[in-house]
Amino acid sequence: MEHTYFPEGQLLSTVRNRELTGSLAGLERAMDTGSIIEGTVLLCDSDFNLHVEFPSLSGARGIIPREEAVWSRNGEAPKDIAILTRVGKAVSCKVTGIEANENGEVTVRLSRRLAQAECAARYLDGLIPGDIIRARVTHLESFGAFVDIGCGIPSLLSVDAISVSRISHPRDRLYNGQALWVAVRSIDEANHRIFVSTRELLGTWEQNAARYTPGQTVAGIVRSVEDYGVFVELAPNLAGLAEIRDCDREIVRNLIGRTAAVFIKSIIPERMKIKLVLIDAHRGEPVPLPRLHFFIRGDEVEHIDRWVYSPAGARKRVETIF
């Protein structure tokens, strides 16, 4: 699958986009060819028209009229918030007209709606579960992250689909504007909604465990405290269990979400277990977001039908069938 339609912002600094938006001749060419271009929204006026800047072009302003700001399958008028939240961000759009007034001021008429409609028809409507595509995080909620999967069209990455290691909120793993690879998890045909997942792309238990060796002391994040021990995340798809004494339980409970130093006691593939010893925890320091290492990337693998997290011979089988 050729990735022609990108999340908003990924075309902005490309050579092709600069060529098309750097001159009136380039914008005319974009209009004649129906090309999708990107600019940055400077402001939203009182009529909810978006004013778009093309950094390499002076003496012209781009305008996306309210009715051209957001595409909807059912033709509904865009909500105010959907327009206002574009201010300060990149937008994908098509050139629909170029006008000059008596003072020589040039207005470039733009449509984000047409760019999104084309993206849906030629790209998103052809996706099936298991396809690997690009995405960009647009905002976070307690139940998941909304991501742009092409020209600003949203998809939901639910909190349980973010990683194997459990988190209490998507902000524990993601941030707004973050670029991701995602797998199409399911498609709601009736409501034309696409749901995506990242957990299948962040490595199997064996792939993640191979990066560690018994005897090492490494950094992790305390994720939960149970009666039988404390779970420490070593990677987004890998956690180990450290035993704790009853007298330390409340102390450790206050460290959930904090960085910890842990000694790796043993790695047991058949039980998918990593036994740890808690060495130290950092109470006051901010915890950096775990780096997401994608073992499966869409520029290398276009589609997967099945993903098996469990090692061969493990007592428990964890898998996803698309």
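Preceding block: the structure.
Residues numbered from 1 in each chain as written. Predicted model: local features only at pLDDT ≥ 70, side-chain atom pairs only at ≥ 80, totals over all residues. Heavy atoms only, no water.

**Q** So what's going on with helix H4 (residues 112-122)? Residues and values would help.
**A** Among all positions in H4, only Arg 112, Ala 115, Gln 116, Glu 118, Cys 119 and Ala 120 are buried. The opening residue of H4, the one whose side-chain oxygen lies 3.4 Å from the backbone nitrogen of Arg 113, is Ser 111. (Buried < 20%, exposed > 50% of the residue type's maximum accessible area, 1.4 Å probe, protein only. Helix = DSSP H or I, 4+ residues; strand = E, 2+ residues; numbered from the N terminus. Polar contact = N/O pair within 3.5 Å; in protein donor to acceptor, adjacent residues only side chain to side chain.)

**Q** Describe the environment of Phe 322, and please don't skip the residues or the numbers.
**A** Note that Phe 322 resides in the segment after strand E17 (319-321). Judged by relative accessible area, Phe 322 falls into the partly exposed class, the value being 22%. Phe 322 sits 314 residues away from Glu 8 along the chain, and the two C-alpha atoms are 27 Å apart. Setting aside residues no more than four positions away along its own chain, Phe 322 makes contact with Pro 129, Gly 130, Ala 183, Val 184, Arg 185, Glu 200, Ile 304, Asp 305 and Arg 306. (Contact = heavy atoms within 4.5 Å.)

**Q** Summarise the sheet that holds strand E4 (residues 90-100); cite the residues concerned and give the values.
**A** Read around the closed barrel, the five strands follow the order E1-E2-E3-E5-E4; overall the barrel is mixed. Each neighbouring strand pair of the sheet contributes to a mean axis angle of 50°, computed without reference to strand direction. Sheet topology places E4 next to strand E5 (residues 106-111); six bridges connect them, and they run antiparallel. When the sheet's bridge partners are listed, Glu 99 is paired in E5 with Thr 107. (Pairing = 2+ DSSP bridges. Axes fitted to C-alpha atoms, helices over the stretch in contact; angles between N-to-C directions.)

**Q** Any details on helix H2 (residues 24-33)? Residues and values, ideally.
**A** Listed in full, the buried residues belonging to H2 are Gly 26, Leu 27 and Ala 30. Buried residues of H2 fall within an arc of 100° about the axis and therefore sit on the same side. Lining the buried residues of H2 we find helix H1 (15-21), strand E1 (37-44), E4 and E5. Among the residues trailing H2, Gly 34 stands out with phi positive, at a value near 70°. (Arc of directions from axis to C-beta.)

**Q** An account of the packing of aromatic side chains is needed here, citing residue identities and associated values.
**A** Enumeration according to the criterion identifies four aromatic pairs in this entry. An angle of 85° between the planes, with centres 6.0 Å apart, marks the rings of Tyr 228 and Phe 231 as edge-to-face. Of the residues examined, Tyr 228 reaches a relative accessible area of 52% and is grouped as exposed. In this structure Phe 231 comes out as partly exposed when scored by relative accessible area, which is 28%. A ring pair is formed by Trp 307 and Tyr 309, whose centres lie 5.7 Å apart and whose planes are at 45°; its orientation type is tilted. For the pair Trp 307 and Tyr 309, a shared accessibility class is recorded, and that class is buried. (Phe/Tyr/Trp six-rings, centres within 6.5 Å; stacked < 30°, edge-to-face > 60°.)

**Q** Explain unusual backbone geometry residue by residue, including any values.
**A** Of note, the phi angle at Phe 48 is positive, near 65°, even though the residue is not glycine. With respect to the secondary-structure elements, Phe 48 resides in the loop between E1 and strand E2 (50-53). Of note in this structure, Cys 151 is not a glycine but carries a positive phi near 55°. Secondary-structure assignment places Cys 151 in the loop between strand E7 (144-148) and strand E8 (154-158).

**Q** A description of the sheet that holds strand E11 (residues 217-226) should follow, citing residues and the corresponding values.
**A** The five strands lie next to each other as E11-E12-E13-E15-E14, forming a closed barrel whose pairing is mixed. When the angles between neighbouring strand axes are averaged without regard to direction, this sheet yields 50°. Judged from the two bridges that link them, strand E13 (residues 238-242) and strand E15 (residues 273-281) form a sheet pairing that is parallel. Paired with Leu 241 across the strands is Lys 275, a residue of E15.

**Q** Quick one: what's the story with a positive patch on the surface, residue by residue and with numbers?
**A** Together, Arg 166, Lys 265, Arg 271, Lys 273, Lys 275, Arg 315 and Lys 316 line one region of the surface with positive charge. Here Arg 166 shows up in the loop between E8 and strand E9 (179-188). (Patch = residues over 30% accessible without salt bridge, like charges linked within 9 Å, V, L, I, M, F, W, Y side chains within 5 Å. Areas by Shrake-Rupley, 256 points an atom, 1.4 Å probe, with all protein chains shown as cover. Salt bridge = Lys/Arg side-chain N within 4 Å of Asp/Glu carboxyl O. Lys, Arg positive; Asp, Glu negative; His and termini not counted. Charge placed at Lys NZ, Arg CZ, Asp CG, Glu CD.)

**Q** How would you summarise the nonpolar core if you had to cite specific residues and measurements?
**A** Side chains of nonpolar character tend, in soluble globular proteins, to be buried together. Residues Leu 157, Leu 180 and Leu 238 are the most contacted members of the largest nonpolar core, which totals 61 residues. No other element matches E9, which puts five residues into this core. Once you skip the residues sitting within four places of it in the chain, Leu 157 turns out to touch Gly 144, Ala 145, Val 147, Ile 162, Leu 174, Leu 180, Val 196, Ser 197 and Thr 198. Listed in part, the 21 residues of the second largest apolar core include Ala 30, Cys 44, Val 108 and Leu 110. (Core = buried A, V, L, I, M, F, W, Y, C linked by side-chain atoms within 4.5 Å.)

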